[in-house]
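What follows is the residue order along each chain.
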Amino acid sequence: ESRAALSSWAGPGATADGMPVKLLANVADGESSASSAQAPVEGVGLFRTELCFLNRAEEPTVEEQADIYAAVLTPFAGSRHVVVRTLDAGSDKPVAFATHEGEENPALGVRGLRLSFDNPGLLERQLDAIAIAAERTGTETWVMAPMVATVAEARGFAAAVRGRGLRAGVMVEVPSAALLAPRMLAEVDFLSIGTNDLTQYTMAADRMATDLAYLTDPWQPAVLQLIAITAEAGKQAGKPVGVCGEAAADPLLACALVGMGVTSLSMAAVAVRPVGARLATTTSEQCEEVAEAAMGAEDPAAGRAAVLALLDG
Ligand code: PEP
Ligand code: MG
C-alpha cells in the first residue's frame, strides 16, 4: 500500500464504496489493551484471557480475575466494545491450574471450552469475574468460547453467559463448527472465526510445525471455503461474523474475507493501518471478486497471485 494512503487512513474501517467493516484489536492484558486503544479500532475482537495466567500455579480468585479483566475493559469504556474469550488453555497454551497432563495429542484433547466439562466451576468463576469487570467499567462486553465443536456446547455456553447479562458467541476453529454455522447462530449472538486453529484442524497440520507452513496457510482454498460457509450463515441470520486469526492481518486476504461477508477483522494493533488503508481503496464488488478467485485457486500461492492481479494488476 502506498505510503500516502497508509499515513492518511484514520478509520473507521470501510470499503471504497463505504461498506463498514469493523477493525478490532487482539489484546493480551491491560497494557496491550491501553496501547491498542490508541489505534484506529472500534474495539477489541479478541482478548486472550489465558495469556494472563500462563505463569500461575493456582487459579486466581474471582476478585483477582475481575481486576485483571477490568484493566483490559477500561481503555475501551465509552462507545467501544470488547470481546473476551474464556480460557483457551491446553495444547500450545498450557495453564498449570487447568490443563490436563499427559495427553497423547493435546491439540485434539481436553482444551478450550472442553476443560469446563469436568470442571464447571472454572468457567463459572471466570464468567462471574468478567461480569463484575463489565459492570464496574461500564464497557460493552461480549464473551466467547474457544474450541467449540457441537451445537449443544454453544447452547450451554450461551445460557451461562446470557444468565449474567452479557452477549454470547462462539469461536469457529473446528471444521464442524463452520459446517454447523447456521445452527450455531441459532444459539448465539455472534461468531468469531479463529483462522489459526481452523487452518490447523482443516489441513491436519500442527500450527507450530514450521516444516508444514505450506499447509498451515489460511489461503488454503479449503479453509477459505469453510470461512465462506460461516460468513454466509451470518448474513442469513443477520448476526456478526468476525475473523480474529492471523488471516485478518493480511491486507489482501482481508479483502477476500470481507467479500465473503465477514463483518469484522480483529488483529494486532500494528496491522490495523495497512488493512484499513487497503480496504479503503477496494470496493465491496472487488472484495467479492477476489473472494471467488482465492477460493477457486489451486493453492495459496496461486490465490495470492490471482488476488494481487485483480487488485493491483
Ligand atoms: C485462532 O485459533 O485463530 C485464534 C484466534 O486463537 P489462538 O490463536 O489464540 O488459538
Ligand atoms: Mg485458537
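Residues numbered from 1 in each chain as written. Chains lettered and ligands numbered in written order. Predicted model: local features only at pLDDT ≥ 70, side-chain atom pairs only at ≥ 80, totals over all residues.

**Q** For the UniProt feature "binding site: phosphoenolpyruvate" (unreviewed entry) in the chain, give the residues involved together with the corresponding values.
**A** What UniProt calls "binding site: phosphoenolpyruvate" (unreviewed entry) maps, in this numbering, to Arg-48, Arg-85, Asn-196, Asp-197 and Arg-207. As for its position among the elements, Arg-48 is in strand 2 (residues 43-48). In contact with Arg-48, other than residues within four places in its own chain, are Ala-28, Arg-85 and Asp-88. Looking at the element boundaries, Arg-85 is found in strand 3 (residues 81-85). (UniProt positions renumbered as here; feature names shortened; annotations may be inferred. Helix = DSSP H or I, 4+ residues; strand = E, 2+ residues; numbered from the N terminus. Contact = placed C-beta atoms within 7 Å.)

**Q** Before we move on, can you summarise the site of ligand 1 with the specific residues and values?
**A** In the vicinity of ligand 1, the contacting residues are Leu-46, Arg-48, Asp-88, Glu-173, Gly-194, Thr-195, Asn-196, Asp-197, Cys-244 and Gly-245. Put simply, the parts of the chain that give the shell around ligand 1 at least two residues each are strand 2 and helix 8 (195-203). Ranked by residues supplied to the shell around ligand 1, first place goes to helix 8 with 3 residues. Considered class by class, the residues forming the shell around ligand 1 number 2 nonpolar, 4 polar and 4 charged. (Near = placed C-beta within 6 Å. Nonpolar A, V, L, I, M, F, W, Y, C, P; charged D, E, K, R; others polar.)

**Q** Let's hear about the confidence of the model for the chain: which residues, and what values?
**A** When pLDDT is averaged along the chain, the result is 96; 98% of the residues meet or exceed 70. Here the predicted complex scores 0.97 on pTM and 0.99 on ipTM. (pLDDT = per-residue confidence, 0-100.)

**Q** Which residues make up the pairing of strand 3, and what are the values?
**A** Of all 5 residues making up strand 3, 4 are buried, and the element is well covered by its neighbours. One ladder, built from 4 bridges, connects strand 2 with strand 3; its direction is parallel. Residue pairing across strands places Val-44 opposite Val-82, the latter belonging to strand 3. A crossover connection joins strand 2 to the parallel strand 3 through helix 3 (residues 62-73); in handedness this β-α-β unit is right-handed. (Buried ≥ 20, exposed ≤ 12 C-beta atoms within 10 Å, placed from the backbone. Pairing = 2+ DSSP bridges. Right-handed = clockwise from strand over helix to strand, strands pointing away.)

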